[in-house]
Amino acid sequence: MKPAHLRKPAASCILLGIFACGITAVASAQTRTIRVVTYNIQCDVSFGTTPLAGLICPFSGTGTFTTSCSGSVTNGGVLEGIGEEMLAGNFQPIDILALQETTNNTVTVQPIVDGLNAFYSSRGISAVYAKSSLQLTSTGGTGGGPNAMVYNTNTVQLIASVTVGTPSGSGEPRQVGRYLFAPAGVTATTNNEFYVYVSHYKSGTDSASLARRGVEAGIIRTNSAALPANSRVLYVGDYNVSTSTETSYQAIVNNTIISIGIRGIDPFNTNGTSGVDWTANSLLSYKSESCRSLHYRDDFQIMSSNVYYGVAGGLAYVSGTYHTFGNNGTTPYQGTTINSANTALNGNLQSSPPISAAQCRTNLYGASDHLPVVADYTI
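Residues numbered from 1 in each chain as written. Predicted model: local features only at pLDDT ≥ 70, side-chain atom pairs only at ≥ 80, totals over all residues. Heavy atoms only, no water.

Scanning the protein chain from N- to C-terminus turns up seven helices and 13 strands. Against the compact-globule benchmark of 21 Å for 379 residues, the protein chain has a radius of gyration of 19 Å, which places it among compact chains. The principal-axis extents of the C-alpha atoms in the protein chain amount to approximately 55 × 50 × 35 Å. Long-range contacts, defined here as pairs at least 24 residues apart, represent 70% of the contacts in the protein chain between residues at least 6 apart. Split by element, the accessible area of the protein chain, about 13,200 Å² in all, is 52% carbon and sulfur. Of note, the protein chain has its 19 positive side-chain charges centred 6 Å away from the centre of its 20 negative side-chain charges. (Helix = DSSP H or I, 4+ residues; strand = E, 2+ residues; numbered from the N terminus. Rg over C-alpha atoms; globule rule 2.2 N^0.38 Å. Contact = heavy atoms within 4.5 Å. Areas by Shrake-Rupley, 256 points an atom, 1.4 Å probe, with all protein chains shown as cover. Lys, Arg positive; Asp, Glu negative; His and termini not counted. Charge placed at Lys NZ, Arg CZ, Asp CG, Glu CD.)

Okay, here's the thing in structure tokens:
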């Protein structure tokens with residue numbers, strides 16, 4: 001059983017012995033919560049190919065991005081800190097970790113898996129994390145590292161990993177990954193399976209970059225049209241958009257640009273309203289880039305309507321849990337996560353957390369230029 005300081009069980013877990021609470025499944029009908037994270041970790045050829053200090057081990061709080069930690073992986077970093085945060089009365093380790101800007105599965109992703117396992121093993125939990133073996137590709141260049149997937153085998157099983165599209169100089173720059181999950185320990189069925197698309201759209205505000213983002217969104221929506229009816233879908237990753245008017249964003253959240261496939265809902269803009277400027281000195285809590293000059297909302301978890309509205313029979317969003325980790329709106333515009341005004345995570349972590357709120361914010365300052373976007377779901 002998981003120690004109490006690592007997962008707060010709901011009353012139903014105590015009564016029914018639910019697998020997600022660290023107890024062997026004994027009930028035929030179960031509900032568990034899973035924590036999903038999307039994170040651009042800038043661990044590619046431009047910034048260092050192994051995890052940066054702060055991601056799975058402590059960052060000192062000074063200097064530029066570095067791979068030199070101020071402690072060991074058993075002290076934890078941003079990823080372990082995410083598991084300490086209370087959301088809707090619940091805290092738990094990450095279950096699905098969608099990554100952008102890795103170098104490859106061997107150099108970047110495996111150390112993350114090992115670091116997570118070492119941290120939780122040191123706290124009495126056996127190694128549980130794994131990675132998808134699918135090696136996605138990219139066109140390379142600055143910020144050009146491929147997407148990847150890490151997951152918690154205690155809570156979810158990875159049924160399939162497939163590529164979506166082919167990277168090119170005129171379309172998607174980094175191959176999209178589509179991952180099919182189901183709860184661990186039970187038979188996978190259409191009622192408990194769900195899909196996660198992981199993307200890193202082309203950056204830039206020039207017409208060519210805008211067009212390439214639109215191409216990628218079209219590839220994704222077209223691909224989703226081939227999924228079973230009523231599939232539960234998450235479209236996550238680094239969208240690199242400036243406003244909600246952009247074609248790539250509208251192609252995901254509305255049916256006007258492309259009518260086929262599964263429309264997504266943005267929890268911060270549920271109607272897909274155009275004209276929202278995410279680069280302005282407003283909507284500060286929405287922003288996810290950068291940790292050293294908070295300016296943009298680049299990172300998203302967009303979900304199909306049956307997930308967002310909690311339609312019975314599958315993955316359902318836990319209302320109010322969608323947020324940018326380490327950003328509660330108190331960081332000044334173009335300020336840093338270690339700005340003294342930032343109160344994020346104060347009073348919002350598990351009791352006596354292994355990693356303090358201040359250290360979590362410091363780790364964010366070193367782990368990547370982006371901040372992770374987190375949400376809880378039930379299934």
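If you walk through the whole model with that rule in mind, you get three salt bridges. One salt bridge connects Arg35 with Asp376, and the closest N-O pair in it is separated by 2.8 Å. Of this pair, Arg35 sits in strand β1 (residues 33–40) while Asp376 sits in strand β13 (residues 373–378), and the two are 341 residues apart along the sequence. Given the relative accessible area of 1%, Asp376 is considered buried. One salt bridge in this structure joins Glu246 and Arg213, with 2.9 Å as the shortest N-O distance. (Salt bridge = Lys/Arg side-chain N within 4 Å of Asp/Glu carboxyl O. Buried < 20%, exposed > 50% of the residue type's maximum accessible area, 1.4 Å probe, protein only.)

The subject of this paragraph is the packing of aromatic side chains. One pass over the full model with this rule turns up 16 aromatic pairs. Aromatic side chains Tyr201 and Tyr239 sit 4.9 Å apart centroid to centroid with 40 degrees between the ring planes, which places their arrangement in the tilted category. Of this pair, Tyr201 sits in the loop between β7 (194–200) and α4 (207–224) while Tyr239 sits in the loop between β8 (233–238) and α5 (247–253), and the two are 38 residues apart along the sequence. Here Tyr201 and Tyr239 have matching classes, each one buried. Both rings, one in Tyr249 and one in Phe300, keep their centres 5.9 Å apart while their planes meet at 50 degrees; by these two values the pair is tilted. Note that Tyr249 is positioned in helix α5 and Phe300 in strand β10 (residues 299–304), a separation of 51 residues in sequence. Tyr249 sits in the buried class, given a relative accessible area of 0%. A relative accessible area of 0% places Phe300 in the buried class. Here the aromatic residues Tyr201, Tyr239, Tyr249, Trp278 and Phe300 are joined through ring pairs into a cluster of three or more. Above the face of the Tyr365 ring, Arg292 is positioned so that its terminal group lies 3.8 Å from the ring centre. (Phe/Tyr/Trp six-rings, centres within 6.5 Å; stacked < 30°, edge-to-face > 60°. Lys NZ or Arg CZ within 6 Å of the ring centre and 35° of its normal.)

Okay, the state of the cysteines next. Evaluated as defined, the whole model comprises one disulfide. Each sulfur in the disulfide pair Cys57 and Cys69 lies 1.7 Å from the other. You can see Cys57 sitting in the loop between β1 and α2 (78–82) and its partner Cys69 sitting in the loop between β1 and α2, a full 12 residues away along the chain. Classification of Cys69 by relative accessible area gives partly exposed; the value is 31%. Residue Cys291 stays outside any disulfide, its sulfur separated by 12 Å from that of Cys43, the closest cysteine. Of all cysteine sulfurs in the structure, the one in Cys57 sits closest to Cys360, which takes part in no disulfide; the separation is 13 Å. The class for Cys360 is buried, based on a relative accessible area of 1%. (Disulfide = S-S within 2.5 Å.)

The next thing to look at is α4. The end-to-end C-alpha separation of α4 is 26 Å, in line with the 26 Å expected for 18 residues at 1.5 Å each. Within α4, the full set of buried residues consists of Ser209, Arg212, Arg213, Gly214, Glu216, Ala217, Gly218, Ile220, Arg221 and Ser224. Residues of α4 that are buried in the fold lie against β6 (176–183), β7, β8 and α5. (Expected span 1.5 Å × (residues − 1).)

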